[in-house]
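Next come the chains, spelled out residue by residue.
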Amino acid sequence: MWTLRKLLHHRAITRCGHHYSVQMRFVTSESFEVMKGGQPVRFTSKKSDSDVIVALKGFKGNFGQHLYEAGVEGKWSKTMRAWAHYLSQDHAEETEDPSKHLDANILVRVDSREKKLIECLRKRMEIPFCVETLRVGDVILGSFPYEIYIERKAVCDLVSSVFDCRLVNQIGNQLHHTEYCRLQSLVIVEGDFSELNQPMPHLRHLKKLSYEGLRNLALATMVRLSLRDQLPVLRSDNLQGTAELINVISLEYPKLLKMRPLQYGSRKERPFRSRRGENPKETLASQLRCVRGVSEQAGRRLARNHDHVQSFLSAMLASADPVQWLVDKANIGKNSSPLRRPTAVRLAETLAGKDTLQRENFTSSLEAIQGISRTSATALVGHFSTRENMQQFLEGQCA
């Protein structure tokens, strides 16, 4: 039965993300204890849970955001509530993320019913693990609230679990324990699809389906888990491959805590390194000849004094007129076939984009005026640099 105090507290939690305020609040003091760096820290908080949730809303750390979301959903455990009150105190900015104080020995728990997996892990596991009777998942890595639940599924078991609804229930239990953080729930599909072609007397309800039907069902289930349900799905050839995956995940676990998902928003360029026995200048000349109109001789002259495209592009952009720089560089030397200006324009646009041609376009527009030669247009562009400067000068003369 709801009391007035519980009702107000519930309204404060559900409305903390909007522009609502609680009309009444009960100021009480409560003692808490958290473990920081292996040492107990005791403190007293005078804030209500609703005030703590509002304070955590602006917290920048991942752990604080995790506590905020759990508090809004009313899923705080006793330990999580203590940490939430601790981070909301005045000294919260000086505290570190508690994930840094996790035990250096990663906690790995394996279900006692996975006999073959346990034997294989004992041979391949580089990190110690313990055997327990797990209620959820086949393997659990890490400690709360950063646990990673792993469900191991053989190909035949995957198909069978779709029919008897075990897969849905098992995945649902894992998501419930991870508070529906889908990156902490993992499925490993083990074995080869050829196993579906073998007789399976214990799976009578699958006899009506052909091998192709069972194979398509297994593939469709993996696709649905990955794309529709946004759950990580890994493949392994056999039991040894599953053990290797679990070992790698346990070794990568500390890095997974510290790193956030990459957004891949910016492009990374690796420094150019020529292959063994390859001449970097010949490689650059071949790349420049990919532009229509650049001859083999012109490409070699342009690539002179440059080992890779980045060096060539930097020198071209550093010049006042990139197009003229290309023309002059390609026409150095005796018996050289000249690089035509339209080809130089095409090469500059291909390497650096259309913005590089602003000076060339300005020169061409002036040259198109009757009575202005190429030499005069080049001199005007060299004096005014941009179309806007020339326009301001002419407006000042008219005024």
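Just so we're clear, the structure is a prediction, and the values are computed from it rather than from any experiment. (Residues numbered from 1 in each chain as written. Predicted model: local features only at pLDDT ≥ 70, side-chain atom pairs only at ≥ 80, totals over all residues. Heavy atoms only, no water.)

**Things to note about the sheet that holds strand 7 (residues 185-190)**
Selection rule: At least two DSSP bridges between two strands are required for those strands to pair. Helical segments are the DSSP runs of H or I of at least four residues, strand segments are the runs of E of at least two, and each set is numbered from the N terminus. Between the N-to-C directions of two axes lies an angle of 0 to 180 degrees, each axis being a line fitted to C-alpha atoms and, for a helix, fitted only over the stretch in contact. Any two residues whose heavy atoms approach within 4.5 Å at even a single point are treated as in contact.
Read from one edge of the open sheet, six strands run 4-3-5-6-7-8, paired in mixed fashion. The sheet is open, and its two edges are formed by strand 4 (130-132) and strand 8 (233-236), each paired on a single side. Looking at each pair of strands side by side, their axes are set apart by 25° on average, direction ignored. The pairing of strand 3 (residues 108-111) with strand 4 spans three bridges and is parallel. Looking at the pairing, Val110 lines up with Val131 of strand 4. Each of strand 3, strand 4, strand 5 (139-141) and strand 6 (148-154) is contacted by helix 5 (residues 115-124), which is oriented at about 145° to strand 3, the strand it contacts most.

**Let's talk about the packing of aromatic side chains**
The criterion, for reference: Put simply, two rings from Phe, Tyr or Trp (the six-membered ring, in Trp's case) pair if the centres are within 6.5 Å, and we call them stacked under 30 degrees between planes, edge-to-face over 60, tilted for the rest.
Counted by the stated rule, this structure contains six aromatic pairs. Of the aromatic side chains, those joined through ring pairs into one cluster are Phe32, Phe43, Phe63, Trp83, Tyr86 and Tyr146.

**What about the nonpolar core?**
Inclusion rule: Among the buried residues, those of types Ala, Val, Leu, Ile, Met, Phe, Trp, Tyr and Cys that are joined through side-chain atoms within 4.5 Å form a nonpolar core. Type-normalised accessible area, obtained with a 1.4 Å probe on protein chains alone, sets the label of each residue: buried when under 20%, exposed when over 50%, and partly exposed for intermediate values.
Leu56, Leu67, Trp76, Val139, Ile150 and Ile246 are the most contacted members of the largest nonpolar core, which totals 36 residues. Among residues more than four places away in sequence, those in contact with Trp76 are Asp49, Val52, Ile53, Leu56, Leu67, Ala70, Gly71, Arg81 and Ala84. Counting 20 residues, the second-largest nonpolar core is a separate cluster that includes Leu302, Met316, Leu326 and Leu357.

**A short note on a nonpolar patch on the surface**
Selection rule: Put simply, a patch holds well-exposed residues, over 30% relative accessible area, that have no salt bridge, with like charges counted together within 9 Å and Val, Leu, Ile, Met, Phe, Trp or Tyr side chains within 5 Å. Each accessible area is a Shrake-Rupley result for a 1.4 Å probe, and residues are judged covered by the shown protein chains and nothing else. Any carboxyl oxygen of Asp or Glu within 4 Å of a side-chain nitrogen of Lys or Arg constitutes a salt bridge here.
The grouping of Val162, Phe163 and Leu209 at the surface amounts to a nonpolar patch, some 230 Å² of accessible area in total. Here Val162 shows up in helix 6 (residues 155-163).

**Comments concerning the confidence of the model for the protein chain**
What counts here: Confidence of the predictor at the level of single residues is given by pLDDT, which spans 0 to 100.
Per-residue pLDDT for the protein chain has a mean of 78; in total, 80% of the residues score no lower than 70. Taken as a whole, residues 4-28 scores under 50 in pLDDT and shows 28 contacts with residues more than four places along the chain or in a different chain. Considering only residues more than four positions removed or in separate chains, one finds that residues 91-104, a stretch of pLDDT under 50, has 19 contacts.

**Section: the side chain of Lys329**
To keep things clear, this is the line we draw: Only four residue types enter the tally: Lys and Arg on the positive side, Asp and Glu on the negative side; His and the chain ends are excluded.
By the secondary structure assignment, Lys329 is in helix 13 (residues 322-330). For the buried Lys329, no salt bridge exists, and the shortest N-O distance to an oppositely charged side chain is 11 Å, to Asp328. Ignoring anything within four residues of it in the chain, the contact list for Lys329 reads Arg301, Leu302, Arg304, Asn305, His306 and Phe312.

**Remarks on unusual backbone geometry**
The bulk of non-glycine residues show a negative phi, and the bulk of peptide bonds are trans. Phi angles above zero are rare outside glycine, and Cys165 is one such case at about 70°. Here Cys165 falls in the partly exposed class, since its relative accessible area comes to 42%. Its identity as a non-glycine residue notwithstanding, Asn305 has a phi of 70°, on the positive side. With respect to the helices and strands, the residue Asn305 is situated in the loop between helix 11 (296-302) and helix 12 (309-318). For Asn305, a relative accessible area of 60% translates into the label exposed.

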